Structure formats: structure tokens, C-alpha cells
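Here are the chains, one letter per residue:
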Amino acid sequence: MDTLLDLRDVIARGTLEIRGDGKAGGGLILAFQSLAALLLQDPTLHVQEWPFFSSARRGANIRSFMRVSARPITAACEVTRPTVALLMNEGATAAVDFAEGVPDGGTFVINTRHSPAECAQHFKLSGRVFTVPGDDIGLKHLKAPLGNVSAFVALTHALGGLDPDAVGKSFLASLRKRRIPDSVIERNRAALDASRAAVRSGVYRCAGPADHTAAQFAGYGALPVGAQSPLRLSLGNRTANYAPSGFRLKFDDPSGACTGCAHCITHCPEGVIHFVPDDRRGLLVTGVDVTNHCKLCGECIAVCPEHLFQQLPYEEAWGVRDEEPVAP
Amino acid sequence: MSLDLPILPRATTAAGERYDGVIDLERVRAAHQPVHRRRDQLSADGNTAAAIATLQMWRCILYPGFPITPSTKWIETVAAYVASHPGKKRVKLLEAEHAVADYLAGAAAACRDLVFPTATSSVGLDHMTETTRSLGASGLGNVMVINVYRATANYPLCIEGDPSDALAHRDDGFIQLVCRGPQQIYDTVLQAPCLGMHPEIMTPTMPGYWGIKDSHRSARLVVEPDEEIHAFQDAWLPESRLPGLLNGDTAFGNCVTSRHFQGFKLDQKRRMERVFELLPRIGADFEHHFGRPGLGLFDGAGWNGTADDVDIAVVGMGPDFGTFEALRAGYEKRHRVRVAGMAMRLLTPFPREAVRARLAGAGVVLVVNHAHHYGRGHLTLDVADAIAGLPDPPRIVSVFAGLGGADVSEGTWEALLDRARAALAGAPVPAWGMFHEGVAL
């Protein structure tokens, strides 16, 4: 890393490109819309902001893009070499490299309870790293692990030079545009205040030369007739990516309480429940493969008469459960 | 709708009952509550920009609709505004798109001086087809179907922008206008009724823009005061000479023999072609009023004038053309070729004479198609038709990119231009090529 990229300088000389990765329903789009509205208050700036999402439900990976420049912007293609990359939901990294294409000396903003140093090491980042424990702040103030308020604040810290009052007002104005009740807006105001004090940052050099380079598109290959893509209708479609973030299914039967009723097996839409036949009781469940296809639909949890299935907190990107200590 | 209007004497016509003056336009105008009293700047996406434009027109009082991605935010925005600003405007959420189109027809026939907008996409437009075909022929230029482009196929389902829906409806009888970016979307929606309701045209309009890429793209939007918008529109909209038709007597009542059918279609075609002359005039007047470019036949990039002797002339449409604009000068410099481009703004009727004049001096024409076509591409066929008969017509390089709303990256544009450059040097040109991420597929 030769030098850190000065974001204001990038805007003045050319176009600042920002990309965000998150999951549907997590507020990524709102954070970007609020930032665009905030930046557009400066009459000298031109801003474009738009999302990319599929028809898949809540929990699917989504992206947001933004361009900011002192000159009119005509380019409409996706941002592939962002100077700033936001990771709104660490679970999104199971499907994408949020840092892909970010140049040396770029800026990374991560919604995480981990420190900038831990993130730089874990995600192999070179540049300025900002972190904020947005989900925790969301849980405290909004009663849900919504980190978008904090991620938005961290983004404005990364950009610098923005009036804190205007930052808060812009986000709350975006909420009002969506006709959010006043009581919820007040809770968001509290989350904004809490986020300001919780942003941490540092400069690191942890990326190797081959890290985060974009794979070259090599064509679509031979698609099976009728298939929408190589992923659809096949085991290659990692449906676990659509699971609510921060949780994972756990089967726990230390006392051998499984009755062999097989309700969970017949209800599971993904066939991820492992079992063995038992002459006396039926089909005894031995475990669950949550690695690729469990989308946490909750069917097994609902139908098990012995309540042997649970949804537990889990940091997918780090492979640790909530109760496990995080290495300093 | 309750406008407390007086019941006026009826006059009978050969076509049925006629209610002259049944809607008091001055009272409708007076009931309008301004959305913006002064020029303002907002951050808005394309759907919001289209919604604001329709809300600002005093002639828009009924908003029928049925939601479909990616156009849903248009009706959501209109409905939210109407609900929070009690007045005379009404939203009519209907059972399906076909019902919306029927509603548009009935309402527009009942009062030809008001504007009746809706927004739809993809199969939503397909569902309307039976009625849009009739609307197109009906003379109901006061109908505006805002088409938020999305691939028409339900299999595979794709919710992103692809103009295959608009291109499948080229012959419905609508004037199809293409826009990109919230500002152009807003401006186009404001100008469209002036074109469609012009006494010499009387043809419904279909302003269109890319789903997601533009419907969901936010940028700065300058909104004009309602009063100024009304002054601009009213100057172009004299009171309709045709009666308002109520009580089941709509514009769809006629069944004709082939003898009349052909004559009817000839007249329809002639009305449509008046667009070529009137559209630029409306656009120029808009620019005079508001200081921004108004409607045009196409946006140009890199031209020094008509029939400029460029090496490569690009013909495309939609937001991806902006990426070409961003890299055009750099490509010219690196490869020492002259490159210019045109993004179509008027899709139907296709402005063949203007396109021919602009492309006459080009070495190669690179036509970029963004929708599936079993031939060389919808746009390619139009361009080929436009340049046919030129003494020394440029070679056409026909390509597809961005199908289903796929990203058209800078790398893809470079690859497209490289193919055109190879053709310029005499390389053989395949009938068509498809590109993605800089790769010929």
C-alpha cells in the first residue's frame, strides 16, 4: 500500500465509487439512499445511487452502488472497482468477496462487533478499516439486529467533512419518506447517537497481491435445458445463503429423546436432516447438515414434538457462536 | 370521484349520447393542489420522478394501477401522496392490468381533456394487450402507460430492466418514448401528453425507462413549479374537438369491414408520423420554458453535426448508453478513431429519416440491442431500414448486451467498439454477437 486514497480528492478529481454488500431486509438500500440524499445537499456534487437485488426473498444477498463526483456522471454500469466497500452483513461474505476490486489504500466499512484490526486480518484488507457494532446497537435501540443506521454513520465518518447534524437529519428524513412511525424514528435517532461513539478505525496492510482480484468472466457454459442458471434446480444452489443472518440451526439430543416420528424429515424442504432407521422407533435423527442448504425456514423447529431443534446465534463469517469468546 | 359538477343538457349524436361540457375543466383545474410551488431539488429515483410528474399535472385526477416489479413504486408514491393530501385526486387500485387498461379507456373516453396515467412492466403490459391495441387505435392520446422495462419472459423470471416488453408492443399504437435518469424521466412524462393529445396526433403515449437500472436509481431531480408546468402544457393542449363519451358509448364501439379497417389504419399511421415534426417542437418549447433539453428523437454524443464523418457510430438506448458516453473520448484517443453515438429517445414511430441523415457519413454503425430477438435485433432492423438506399451505406455491426438487465460494463463496451473497429478495417462481420463482461459469448 503506497498511500491511502483521499476520498474527497477522488471526488474532486474524478468519481468516487462505493459498493455495499448485505442481505435483503437489512437496510442496506436505505443506508445508501440516505447517503445519496445527504451528499446531494452539496450543490457542487453529482450522485448516483442504485441497488441490485433478485426476486429472492428476505435474506438473499443484495448490493448497492454509488458514484459521487464533482462532474456530471453518465456511467451506468455496476461498480466493480470501488474505492469504498461497505459490508453491512458479514453473512453476505459466504457468497461474495465484499472487498473485490478495491484498490490498495481503499476504505472498508464493516458492520461488526470485531475490531478494525481483526477485520483487516480476517478479510485480508489493505487500507483504512472502519468498524461499528451496528447489529448490537440495533438490538439495543431498535429491538432488531438492524445495523444500517450504524453502517450509514460509519460511512459518513469514512467520507469525512460532513456535518454530524446533517448526517442524522438525512437518515431520519429517509425514514420519514417511508412513513415510519415517529416512535420508531426516535429509536433510530438514539441508534444514530450511539453509533457516532462506536465507530472505530485503523490503517492496515493485510492483503496479498492476489487477494480480492475479480475472477475473469468465462462465459455461461452449457446450461441444462430449462434451467435458469447452473445454480437453479441443483445442489449447487447454496440455499443456506438465504437464511436469516446471524443464526444457525442446531439439533441437540443428548438424552436420546428423538421419537423417530420423522415429522422433521418429511417437513424439511431441503433434505438436510440426517437419520438412521430404527426398528423400534422409526427414523432416528442423528444431526443436521447446515453448511449449504439449511435456510432456517423453521419447519423442523415447529414440528418436533421433543423440541430438539433450535436456532442459535452464529457469526457465519467468523465461524463462532455468540457464547464463544472472540480472539483479541 | 366527486367534483360536485352540474348536470348539463345532453345532445345526441349518431354514435350515441353525448355530454358536452359535463366535466367543468376550470373547476378541475381550480381543485388542483400544487405539489411544488417553486423550483426545487430532490433526491429521487426514476419511479418517484415519474410519480411526481403525474401528480403535478392538474389534468391528472385519476390514477388507476396494479403493482408489478419494478414499476410498483410509481403507484405507491402516488397513493401515499394522495392519501396524505386529501383533495380531488383519486387512486384506483384494480384487480389486474387488463382491468387497468379497460379503466383507462373508459375514463379517457369520458373526458378527453384530462390525462390518465398508469405504470406497469413486463407481463403487466402483456396482460393489458387486448386493450392497449384498441387504445392505440382509439384516438385516446390522453392515456399514458408508463412502461418500466423488464424482460417479458416469465420463464426464466427476471425482474431487471430489459426493453423486451416495450419492443413486443411496438405496434400497439402507442408513441414509445425512451428515457434515462430521473430528470429525463420526469421531463418526458411532463411532455408526453402534449404530444399524444395534440389534435394532429391523438395517440396514447408510452414513456419507458429501464427497470432497476433507472426505476431504482436515485440522483438529483429538479422539479418545476406546478404553475409553470400547467402553463407549458396548456399552451399545447387546446380543448379536445371530440366529445366526451359516457354511458357505455366508448371509443371501442365500432366493428368495421375491411374496407374501413384499412382506411382507419392509414389514418392512424399518418397521425403517428406527425410525431416526427411535432416532438422536436415540443422539446424545444420545453427547453425554452425550463432550460433543460426537452424531447428529442435521440440523444447524441460526440457528433459535430448532421452526417458527421465518424468512423464508428453507435446506436443504442437507455442508461447503458451513459457508460459509452463516459468512455467514448478515451477510446477515440487510444485507438485514433472518431466515435459518436445516438441513444434513441423516440422508439415508435422510429425516426428513420433523422437516423439516416445522422448515420449517412459513418464508416460502421454499431447497433447495441438490449432485448432478446431471434434475428439481428429489433433496433438493428430499424437502423437497417433507415440507412437502406443510401448511396454508400455504412456496414452494420449488430450486437446484444445487457439482456435481462445484465450489467454492460466498461469492458463490454470496449469489446463492442473493438468489434466495430475490426469491421471498419474490413474484417468479416457476423450477423450478430452477444457480449458480457468484455467477452464475446
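Residues numbered from 1 in each chain as written. Chains lettered and ligands numbered in written order. Predicted model: local features only at pLDDT ≥ 70, side-chain atom pairs only at ≥ 80, totals over all residues. Heavy atoms only, no water.

Caption draft 1: Summary view of the nonpolar core. With 77 residues, the main nonpolar core has Trp74(B), Ile146(B), Tyr186(B), Leu195(B), Val315(B), Met344(B) and Leu359(B) as its most contacted residues. Ignoring any residue separated from it by four or fewer positions in sequence, one finds Trp74(B) in contact with Asn47(B), Ala50(B), Ala51(B), Thr54(B), Tyr63(B), Pro64(B), Pro117(B), Thr118(B), Ala119(B) and Ile146(B). Of all hydrophobic cores here, the second largest spans 48 residues; its members include Ala31(A), Phe53(A), Met88(A) and Val199(A). (Core = buried A, V, L, I, M, F, W, Y, C linked by side-chain atoms within 4.5 Å. Buried < 20%, exposed > 50% of the residue type's maximum accessible area, 1.4 Å probe, protein only. Contact = heavy atoms within 4.5 Å.)

Caption draft 2: Representation of the sheet that holds strand E12 (residues 312-316) of chain B in the model. Residue and element names in this part refer to chain B. Within the open sheet, the seven strands sit side by side as E11-E13-E12-E15-E16-E17-E18. Their pairing is mixed. Of all the strands in the sheet, just strand E11 (298-301) and strand E18 (439-440) have a single pairing partner and so form its edges. Judged from the five bridges that link them, E12 and strand E13 (residues 339-344) form a sheet pairing that is parallel. Note on E13: the bridge partner recorded for Gly316 is Ala343. The strands that helix H13 (residues 352-359) touches are E11, E12, E13 and strand E15 (364-369); relative to E13, the one it contacts most, it runs at about 175°. (Pairing = 2+ DSSP bridges. Helix = DSSP H or I, 4+ residues; strand = E, 2+ residues; numbered from the N terminus. Axes fitted to C-alpha atoms, helices over the stretch in contact; angles between N-to-C directions.)

Caption draft 3: Fine view of the sheet that holds strand E1 (residues 15-23) of chain A. Residues and elements named next belong to chain A. An order of E2-E3-E1-E4-E5-E6-E7 is seen for the seven strands of this open sheet, with the pairing classed as mixed. Every other strand in the sheet has two partners, leaving strand E2 (46-52) and strand E7 (200-205) as the edge strands with one partner each. Shown here is a sheet whose adjacent strand axes are inclined to one another by a mean of 15°, direction ignored. Note: strand E5 (residues 106-111) against strand E6 (residues 126-132), six bridges, orientation parallel. Bridging from a neighbouring strand, Phe108 pairs with Val129 of E6.

Caption draft 4: How the structure looks around the environment of Val355(B). All names here are of chain B. Mapped onto the secondary structure, Val355 falls in helix H13. Remark: the alpha-carbon pair of Val355 and Trp432, spanning 77 residues in sequence, is separated by 21 Å. Every residue in contact with Val355, bar those within four places of it in the chain, is listed here: Phe298, Met342, Met344, Phe350 and Ala386.

Caption draft 5: Region of the structure containing the interface of chain A and chain B. With 28 residues of chain A at the contact, the number on the chain B side is 29 residues. Together chain A and chain B conceal approximately 2,500 Å² of surface at their shared face, both sides included; 55% is due to carbon and sulfur atoms. For the chain A face of the interface with chain B, the top three residues by lost area are Phe53(A), Cys77(A) and Phe217(A), together amounting to 21%. Among the salt bridges present, the one from Glu410(B) reaches Arg81(A), with a minimum N-O distance of 3.1 Å. At the junction of chain A and chain B, the tally comes to 12 residue pairs in polar contact (both at pLDDT 80 or more). For the side of chain A that touches chain B, the per-class residue count stands at 15 nonpolar, seven polar and six charged. (Buried area = accessible area lost by both parts, 1.4 Å probe. Salt bridge = Lys/Arg side-chain N within 4 Å of Asp/Glu carboxyl O. Polar contact = N/O pair within 3.5 Å; in protein donor to acceptor, adjacent residues only side chain to side chain. Nonpolar A, V, L, I, M, F, W, Y, C, P; charged D, E, K, R; others polar.)

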